[in-house]
Amino acid sequence: MEDQEVKRVVKDRYGRVAREAGSCCCSSTCCGTAKPQEIAKKIGYSEEELETAPAGSNLGLGCGNPIALASIREGETVLDLGSGAGFDCFLAAERVGPRGRVIGVDMTGEMVEKARANAVASGYENVEFRIGEIERLPVDDESVDLVISNCVINLVPDKKAAFNEAYRVLRFGGRLVVSDIVLRGELPDFIRESVEAYVGCVSGAAAKDDYLASMRSAGFAEVKVMDEAPFSLDCVASDPTGRAALDGLQDEDLRGVEGRIASIKVIAFKPGRA
């Protein structure tokens, strides 16, 4: 598909997720009949974090907890790429405090509406949500201290542009923390070309080395993989749209495909001024 068609499909899918208030996630340890709260625990969120975030903000869509690695400080400005219903934004807002600010950007209108409603209902005044694409962020140059993203950049056709934009909006010395899905090997053509596998976070994923190279190419330094774990195709197969991408595969083939996919957590920095 052309890039614009990919974006349309992703928007439609996640618009439906927002309306239905939940769906399968992109983590290696969840899905099936698990509820968003159970999913969040399995991918690294604490009970305290789950109790803090507004009800309805956690849709179980992540593949890790970038907040846990970000070392957020009071007064900072944080930007979340692909903010969904606002879960990570609200957790970040608690850490930056009233002197800080959190911006969530998502290209799906239904998600932004849901996040804004969650913010109003729970009285968050230091969080705002903007509609936009992460390859063309509606954010000023050098205006944020930290960029986070949770299982979203794998859905972006032009990942290099996404990292270029993250670099642009960061202040010198700022940091990037992402949880995402990457490939350890080639996928079969029928999965790589599948729309269903794309919105299930599989066929849109980049090779791990290419993913990290795109970050470095954007200018990021000290790029470090903090954690890496196998990705389970249960996360695709348990979703009706994703199941179609795997129909006909034998168990042995499924295991072979599964071994080529991983969930990673990465931290990187924008160097300070010379």
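This report concerns the structure included in the present document. Note on numbering: residues in each chain are counted from 1, in written sequence order. Residues qualify for local features only when their pLDDT is at least 70, as the model is predicted, and side-chain atom pairs are given and counted only at 80 or more; totals for whole chains, interfaces and linings, by contrast, use all residues. No hydrogens and no water enter the side-chain calculation; it runs on all heavy atoms of the structure.

## Remarks on the overall build of the protein
Each helix and strand in the protein was counted, giving 13 helices and 8 strands. Out of the 274 residues in the protein, the part that is buried amounts to 56%. Intrachain contacts of the protein at a sequence separation of at least 6 include 79% that bridge at least 24 residues. Under the convention used here, a 1.4 Å probe and the Shrake-Rupley method define accessible areas, while residue burial counts only the protein chains that appear. Surface summary for the protein: the accessible area is close to 11800 Å², and the carbon and sulfur share equals 46%. Strands are runs of DSSP state E lasting at least 2 residues, helices are runs of H or I lasting at least 4, and numbering of each runs from the N terminus. Categorising residues by exposure relies on relative accessible area from a 1.4 Å probe, with only protein chains included: less than 20% of the type maximum marks a residue as buried, more than 50% marks it as exposed, and the intermediate range marks it as partly exposed. Contact definition: two residues touch when any of their heavy atoms are within 4.5 Å.

## Observations concerning helix α6 (residues 109–122)
Compared with an ideal rise of 1.5 Å per residue, which puts 14 residues at 20 Å, α6 spans 20 Å between its outermost C-alpha atoms and is within 8% of the ideal. Met111, Val112, Ala115, Asn118 and Ala119 are the residues of α6 that are buried. Looking straight down α6, one finds its buried side chains confined to an arc of 125 degrees; they lie on one side. Opposite the packed face of α6, turned more than 90 degrees from it, sit the exposed residues Glu113, Val120 and Ala121. Note on α6: the residue one or two positions beyond its end, Gly123, has a positive phi of about 75 degrees. Working rule for helices: expected span equals 1.5 Å times residues minus one. Throughout, the arc means the angular range of directions from the helix axis out to the C-beta atoms.

## So, the pairing of strand β8 (residues 261–269)
Across the 9 residues that make up β8, a large majority, 8, are buried. Note on pairing: two strands pair once DSSP finds at least 2 bridges between them. Bridge count between strand β7 (residues 221–230) and β8: 7 bridges; the pairing is antiparallel. From the neighbouring strand, Ala229 faces β8, where its bridge partner is Ser263.

## Digging into unusual backbone geometry
For Glu142, which is not glycine, the phi torsion reads 45 degrees and is therefore positive. Counting through the fold element by element, Glu142 comes out in the loop between β3 (127–131) and β4 (144–150). Judged by relative accessible area, Glu142 falls into the partly exposed class, the value being 35%.

## Examining the state of the cysteines
Cysteine sulfur atoms are paired as a disulfide whenever they fall within 2.5 Å. Under the criterion given, the structure shown has 0 disulfides. In this structure Cys63 is a free cysteine whose sulfur lies 3.4 Å from that of Cys151, the closest cysteine sulfur available.

## Points about empty space enclosed by the protein
Here a cavity denotes grid points, spaced 1 Å and computed from the protein atoms alone, that fit a 1.4 Å probe unable to get out, and a pocket denotes an open set having protein on both sides within 12 Å along at least 5 of 7 lines; residues with an atom within 4 Å of a point are the lining. Grid points are joined across faces, edges and corners, and a volume is the space filled by probe spheres set on the points. The full count for this structure, using the stated rule, is 2 cavities of 30 Å³ or more. In this structure, the largest cavity spans a volume of roughly 510 Å³. If you trace the largest cavity, you find 35 residues lining it, with Gly82, Gly84, Asp106, Asn150 and Val152 closest to the centre. Mapped by element, the contributors of at least two residues to the lining of the largest cavity are α1 (3–20), α2 (36–42) and α5 (87–96).

## As for the packing of aromatic side chains
What counts as a ring pair is set by centres within 6.5 Å for rings of Phe, Tyr and Trp (its six-membered ring), and what kind of pair is set by the plane angle: stacked under 30 degrees, edge-to-face over 60, tilted for all other angles. For the structure shown, the criterion picks out 5 aromatic pairs. With a centroid separation of 5.2 Å and 85 degrees between ring planes, the pair formed by Phe163 and Tyr211 is classed as edge-to-face. Of the two residues, Phe163 sits in helix α7 (residues 159–169) while Tyr211 sits in helix α10 (residues 208–217), which places them 48 residues apart along the sequence. Here Tyr167 and Phe220 contribute two aromatic rings whose centre-to-centre distance is 5.3 Å and whose plane-to-plane angle is 90 degrees, an arrangement assigned as edge-to-face. One end of the pair, Tyr167, is in helix α7; the other, Phe220, is in the loop between α10 and β7, with 53 residues separating them in the sequence. For Phe220, a relative accessible area of 4% corresponds to the buried category.

## Notes on the pattern of salt bridges
The term salt bridge refers to a pairing of a side-chain nitrogen on Lys or Arg with a carboxyl oxygen on Asp or Glu at a separation within 4 Å. Here the structure, examined in full by the defined rule, presents 12 salt bridges. Among the ionic pairs, Arg171 bridges to Asp145, the shortest N-O distance being 3.0 Å. A residue pair is termed long-range when its members are at least 10 positions apart, and Arg171 in strand β5 (residues 170–183) and Asp145 in strand β4 qualify at 26 residues. Assessed through its relative accessible area of 32%, Arg171 is described here as partly exposed.

## Describing the nonpolar core
What makes a nonpolar core is a set of buried Ala, Val, Leu, Ile, Met, Phe, Trp, Tyr and Cys residues whose side-chain atoms join them at distances within 4.5 Å. Counting residues in each nonpolar core, the largest one holds 31 residues, and the members touching the most others are Leu79, Val147, Tyr211 and Met215. Elements that contribute at least two residues to this core include exactly β1 (77–81), β2 (101–106), β4, α7, β5, α10 and β8. Contacts of Val147, omitting those with residues within four sequence positions, involve Leu79, Leu81, Ala166, Val169, Leu170, Arg175, Leu176 and Val177. Ranked by size, the runner-up nonpolar core spans 28 residues in total, among them Ile43, Tyr45, Ala70 and Val177.

## As for the environment of Arg13
Residue position: Arg13 is located in helix α1. Judged by its relative accessible area of 6%, Arg13 is buried. As a C-alpha pair, Arg13 and Thr108 span 95 residues in sequence and 9.3 Å in three-dimensional space.

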